[in-house]
Amino acid sequence: MIPAAFDYVAPTSVEDALAALAQHGDDAKIIAGGQSLLPVLRMRLNAPEVIVDLGRIPTLRGVRDDGDAIVIGAMTPHAVVGSDPLVAEHAALIGKAVEHLADAQIRHRGTFGGALAHADPAGDLGAPALALGAEFVIAGAGGTRTVPAAEFFVDLFETALGEDEILTEVRVPKHTGWGAHYEKFVRVAHQWPIVAVAAAVRVEGGTIAEARVGLTNMGNTPLRAHAVEEALVGVAATEEAVAAAAAKATEGTNPPSDLNGDADYRRHLAQVLTRRAVLTAAGA
Ligand SMILES: Cc1cc2nc3c(=O)[nH]c(=O)nc-3n(C[C@H](O)[C@H](O)[C@H](O)COP(=O)(O)OP(=O)(O)OC[C@H]3O[C@@H](n4cnc5c(N)ncnc54)[C@H](O)[C@@H]3O)c2cc1C
């Protein structure tokens, strides 16, 4: 189908984009890479009167070093994030998740911020962002505010972003030297995961000193597997010990049932994928 007619503006600064959003209110919608929004418009599930394109705002693109964090601009395409040396060195878990996100065309058009703002529970970037304790920088009429990942994802396709706000960048605390792996289970290649697990671990002399584990598609939002993380600290990075900790991966989850699998199947997957993700991250 062809989308309903809309006006189009392409501001060149965040200030001008905010002004356009303020002017048009509920009738306006932001477009980033368009990889999720355009299908919605084509199916006429949404019919905004004005599209505000962030694609001509250069300050929203790129990855930079900011002391104890790296900062990823919201309009940075997935492909750029996936090949960025700062991401590889300090936030390898994000890079691992991007490797498995959709296909090459979508990775070149879709953006880091667009995927997080879309908040699909099966989206691949929420769990690693949550696991690494990322912070979301949001610009609005009243200035800029920073929201921790644990508060950014509110519900199914719902975030802390207001209609008149823009996600400008994501600050990811450095996890330099940590092992990382994203284990994604799909029915066919280049698809959203049925379940996926994001794991980052710091290993000292064969023992897991710190662990961060995030779950994709095990609830309405990305989830942090706190019980697994606690069980991993201080244990040897062995198959047996990691499997015992991974058995706790279902605690606090509320997985959906759909044509790809029911909730029990997803609980089983979460345990298996957590074991695999942690062992690979630990280099075991
Ligand atoms: C065939 C296909 C397969 C895919 N497979 C996967 C997959 O395996 N894993 C995965 O994670 N994703 C997948 N995706 C989605 C992909 O990651 C998209 O790039 C992403 O979901 C949306 O990013 P975008 O930049 O295209 O945003 P858009 O589609 O332009 O926008 C998405 C939503 O976010 C809002 N928005 C965008 N940017 C901002 C911002 N800076 N501030 C505030 N609001 C904003 C828009 O208003 C819109 O509501 C797939 C998409 C397709 C079409």
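Residues numbered from 1 in each chain as written. Predicted model: local features only at pLDDT ≥ 70, side-chain atom pairs only at ≥ 80, totals over all residues. Heavy atoms only, no water.

An unreviewed UniProt entry lists the protein under the name Xanthine dehydrogenase family protein subunit M, with Nocardioides nanhaiensis as the source organism.

Bringing the site of the ligand into the picture now. The ligand sits among 29 residues. The nearest are Ile30, Gln35, Leu37, Thr111 and Asp124. Compared with its free state, where it exposes 970 Å², the ligand has 89% of that area covered by protein. Going through the elements one at a time, strand 2 (28–31), helix 7 (112–118) and strand 10 (166–173) are the ones with two or more residues in the shell around the ligand. For the shell around the ligand, the element with the highest residue contribution is helix 7, accounting for four residues. Among the residues making up the shell around the ligand, the classes are represented as 15 nonpolar, eleven polar and three charged. (Near = heavy atom within 4 Å. Areas by Shrake-Rupley, 256 points an atom, 1.4 Å probe, with all protein chains shown as cover. Helix = DSSP H or I, 4+ residues; strand = E, 2+ residues; numbered from the N terminus. Nonpolar A, V, L, I, M, F, W, Y, C, P; charged D, E, K, R; others polar.)

What follows concerns the UniProt feature "domain: FAD-binding PCMH-type" (unreviewed entry) in the protein. What UniProt calls "domain: FAD-binding PCMH-type" (unreviewed entry) maps, in this numbering, to residues 1–177. Taken end to end, residues 1–177 is 33% helix and 25% strand, and its first and last C-alpha atoms sit 48 Å apart. (UniProt positions renumbered as here; feature names shortened; annotations may be inferred.)

Bringing the layout of surface pockets into the picture now. Estimates place the volume of the second largest pocket at around 270 Å³. Along its surface, the second largest pocket is lined by 13 residues, and Ala122, Trp192, Pro193, Asn217 and Asn260 are the ones closest to its centre. Residue composition of the lining of the second largest pocket, by class: six nonpolar, three polar and four charged. (1 Å grid on protein atoms, 1.4 Å probe; cavity = no way out; pocket = protein on both sides within 12 Å on 5 of 7 lines; lining within 4 Å. Points joined across faces, edges and corners; volume = space filled by probe spheres on them.)

Counted residue by residue, strand 10 has seven buried out of eight residues, so it is predominantly covered. Pairing between strand 6 (residues 135–140) and strand 10: five bridges, direction antiparallel. Across the sheet, valine 137 pairs through a bridge with glutamate 169, a residue of strand 10. (Buried < 20%, exposed > 50% of the residue type's maximum accessible area, 1.4 Å probe, protein only. Pairing = 2+ DSSP bridges.)

This next bit is on the packing of aromatic side chains. Counted according to the given criterion, the structure contains four aromatic pairs. Taking the centre distance of 4.0 Å and the plane angle of 10° together, the rings of phenylalanine 136 and phenylalanine 152 count as stacked. Highlighted residues: phenylalanine 136 in strand 6 and phenylalanine 152 in helix 9 (residues 149–152), separated in sequence by 16 residues. Each ring, one from phenylalanine 185 and one from tyrosine 265, has its centre 6.5 Å from the other, and the planes form 80°; the classification is edge-to-face. (Phe/Tyr/Trp six-rings, centres within 6.5 Å; stacked < 30°, edge-to-face > 60°.)

A cluster of like negative charges, contributed by Asp7, Asp26, Asp27, Glu49, Glu163 and Asp164, occupies part of the molecular surface. Locating glutamate 163 in the fold gives a position in the loop between strand 9 (158–159) and strand 10. (Patch = residues over 30% accessible without salt bridge, like charges linked within 9 Å, V, L, I, M, F, W, Y side chains within 5 Å. Salt bridge = Lys/Arg side-chain N within 4 Å of Asp/Glu carboxyl O. Lys, Arg positive; Asp, Glu negative; His and termini not counted. Charge placed at Lys NZ, Arg CZ, Asp CG, Glu CD.)

A separate point is the sheet that holds strand 14 (residues 223–224). Ordered by their spatial adjacency, four strands build an open sheet running 11-12-13-14, and the pairing between neighbours is antiparallel. The open sheet is flanked by strand 11 (179–185) and strand 14, the only strands paired with a single partner. Strand direction decides the pairing type here: strand 12 (residues 195–204) and strand 13 (residues 207–216), joined by nine bridges, are antiparallel. Bridge assignment links valine 203 to a residue of strand 13, and that residue is isoleucine 208. Running at roughly 30° to strand 12, helix 12 (residues 263–281) makes contact with strand 11, strand 12 and strand 13 of the sheet. (Contact = heavy atoms within 4.5 Å. Axes fitted to C-alpha atoms, helices over the stretch in contact; angles between N-to-C directions.)

Let's shift gears to empty space enclosed by the protein. All chains considered together, the criterion is met by two cavities of 30 Å³ or more. The computed volume of the largest cavity comes to approximately 60 Å³. In terms of lining residues, the largest cavity is bounded by Ala115, Leu116, Ala119, Asp120, Pro121, Gly123, Asp124, Leu125, Gly126, Phe153 and Pro222. By residue class, the composition of the lining of the largest cavity is seven nonpolar, two polar and two charged. In this structure, the second largest cavity encloses a volume near 40 Å³. Considering the residues around the second largest cavity, the lining is formed by His90, Ala91, Ala92, Leu93, Leu132, His175, Trp178, Gly179, Ala180 and Ala200.

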